[in-house]
Amino acid sequence: MKTGPRQIGVIMDPLAGISPKKDSTLAMMLAAQARGWQLVYLELAGLALRDGVALGSGHRVSVQDDEHHWFSLTGPWGGRLSDLDVLLMRKDPPFDMEYVHATYILQRAEIAGALVVNSPAALRDINEKVATAWFPQCTPPTLIARRHAQLRAFLGEHRKIVIKPLDGMGGRSVFVVEEHDPNRNVIMETLTDNQTRYVMAQRYVPEITDGDKRVLLIDGQPIDFLLARVPGGGDHRGNLVAGARGEGRPLAARERWIAAEVGPELARKGVIFAGLDVIGDYLTEINVTSPTGIRELDRQFGLKIADQLMSAIEHRLETR
């Protein structure tokens, strides 16, 4: 049995390169540190697998809620990943094969006793776009295909659609296409790489002008407030990195219904922290890799979302 303070490893992009004012991973690290947990900072390059044993090399770290000096490396760390109580997988997409390879390493750590948030198998299985197909009662009409004839027929049926790659993030390469758009063919050719890559097409939901709503779930249960990302002038994308404005709002009945449909299944699969994207009345994406929005909602409503997450993690540790 492990003794002493809990140790939590955080796998992420370079800590020096984050924006501390809005970074949800930093919020999680601050919440864990406030509980007396020891922090270990890891990057993907520090993970390895030797004879079936998941290994890591990184740094012990302390964090501060300071926009100019938010972390200090306090010493090297190396060893079995299962020596850590918890591993937070917070590497940002793209979800490429390097990311997939990392989940195999993390799964060996999970088998050896570490709690991995989110579960490595769930990270592989729950593609942020495709996973909505398991909840068609919540989504707008949706097509996943790569043949242009199918995409054109879908466009003809709905007159105005959104087309996006299955592995994108931050609003990149998201196109709104209308039936008589002279660029429709070249958009389909580009996104499908001439019918060799699958894309998602969804009926355009005009309520995007009121915001792409991020609903955060902790162990299947929604936070009481959502973050509506309202597109900037002249842009259709509700993504903060694409210039959208973040606006906090209380959850409405429809968002609670969607959370109730999706949340329990995510929790069953080992997803402790997730973000649902909702436009109007419709679920459009399920984010399990590195959901954000904690800092914005905490500031607007005086919440402590990361602390709630740490409580859920602690509960999982105590009841395993």
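Above this text sits the structure in question.
The following refers to the structure shown. (Residues numbered from 1 in each chain as written. Predicted model: local features only at pLDDT ≥ 70, side-chain atom pairs only at ≥ 80, totals over all residues. Heavy atoms only, no water.)

Things to note about the overall build of the protein chain
Here is step 1 of the chain: In terms of helices and strands, the protein chain carries 8 helices and 17 strands.
Here is step 2 of the chain: The C-alpha radius of gyration of the protein chain comes to 20 Å, within 12% of the 20 Å expected for a compact globule of 320 residues.
Here is step 3 of the chain: Across its three principal directions, the C-alpha atoms of the protein chain cover 65 × 45 × 35 Å.
Here is step 4 of the chain: Considering the protein chain as a whole, with its 320 residues, one finds that 51% of them fall into the buried category.
Here is step 5 of the chain: Long-range pairs, those at least 24 residues apart, make up 68% of the contacts in the protein chain with a sequence separation of at least 6.
Here is step 6 of the chain: In the structure as shown, the protein chain presents an accessible area of about 14,600 Å², 49% of it carried by carbon and sulfur atoms.
Here is step 7 of the chain: Distance between charge centroids for the protein chain: 2 Å, based on 38 positive and 40 negative side chains. (Helix = DSSP H or I, 4+ residues; strand = E, 2+ residues; numbered from the N terminus. Rg over C-alpha atoms; globule rule 2.2 N^0.38 Å. Buried < 20%, exposed > 50% of the residue type's maximum accessible area, 1.4 Å probe, protein only. Contact = heavy atoms within 4.5 Å. Areas by Shrake-Rupley, 256 points an atom, 1.4 Å probe, with all protein chains shown as cover. Lys, Arg positive; Asp, Glu negative; His and termini not counted. Charge placed at Lys NZ, Arg CZ, Asp CG, Glu CD.)

Overview of the pattern of salt bridges
Here is step 1 of the chain: Under the defined criterion, the tally for this structure stands at 21 salt bridges.
Here is step 2 of the chain: A salt bridge links Arg295 to Asp65, with the shortest nitrogen-to-oxygen separation between them at 2.7 Å. Taken together, the residues Arg295 in helix 7 (residues 294-301) and Asp65 in the loop between strand 4 (53-63) and strand 5 (71-80) connect sequence positions 230 residues apart.
Here is step 3 of the chain: The exposure class of Asp65 is exposed, given its relative accessible area of 58%.
Here is step 4 of the chain: Taken together, the salt bridges that share partners define one network made up of Arg6, Arg35, Asp307 and Glu314. (Salt bridge = Lys/Arg side-chain N within 4 Å of Asp/Glu carboxyl O.)

A closer look at the nonpolar core
Here is step 1 of the chain: Formed by 39 residues in total, the largest nonpolar core has its most connected members in Leu81, Leu87, Leu266, Leu276 and Ile286.
Here is step 2 of the chain: Of the residues forming this core, the biggest block, 5 residues, is contributed by helix 2 (residues 97-111).
Here is step 3 of the chain: In contact with Leu81, other than residues within four places in its own chain, are Leu42, Leu47, Ala54, Leu55, Gly56, Leu87, Ile105, Leu106, Ala109 and Ala114.
Here is step 4 of the chain: Core analysis: the next-biggest nonpolar cluster, separate from the first, contains 38 residues, Met12, Ala32, Leu216 and Ile223 among them. (Core = buried A, V, L, I, M, F, W, Y, C linked by side-chain atoms within 4.5 Å.)

Notes on the environment of Gln221
Here is step 1 of the chain: With respect to the element layout, Gln221 can be found in strand 13 (residues 221-222).
Here is step 2 of the chain: For Gln221, a relative accessible area of 52% translates into the label exposed.
Here is step 3 of the chain: Spatially, the C-alpha atom of Gln221 lies 7.6 Å from that of Ala260, the residues being 39 residues apart in sequence.

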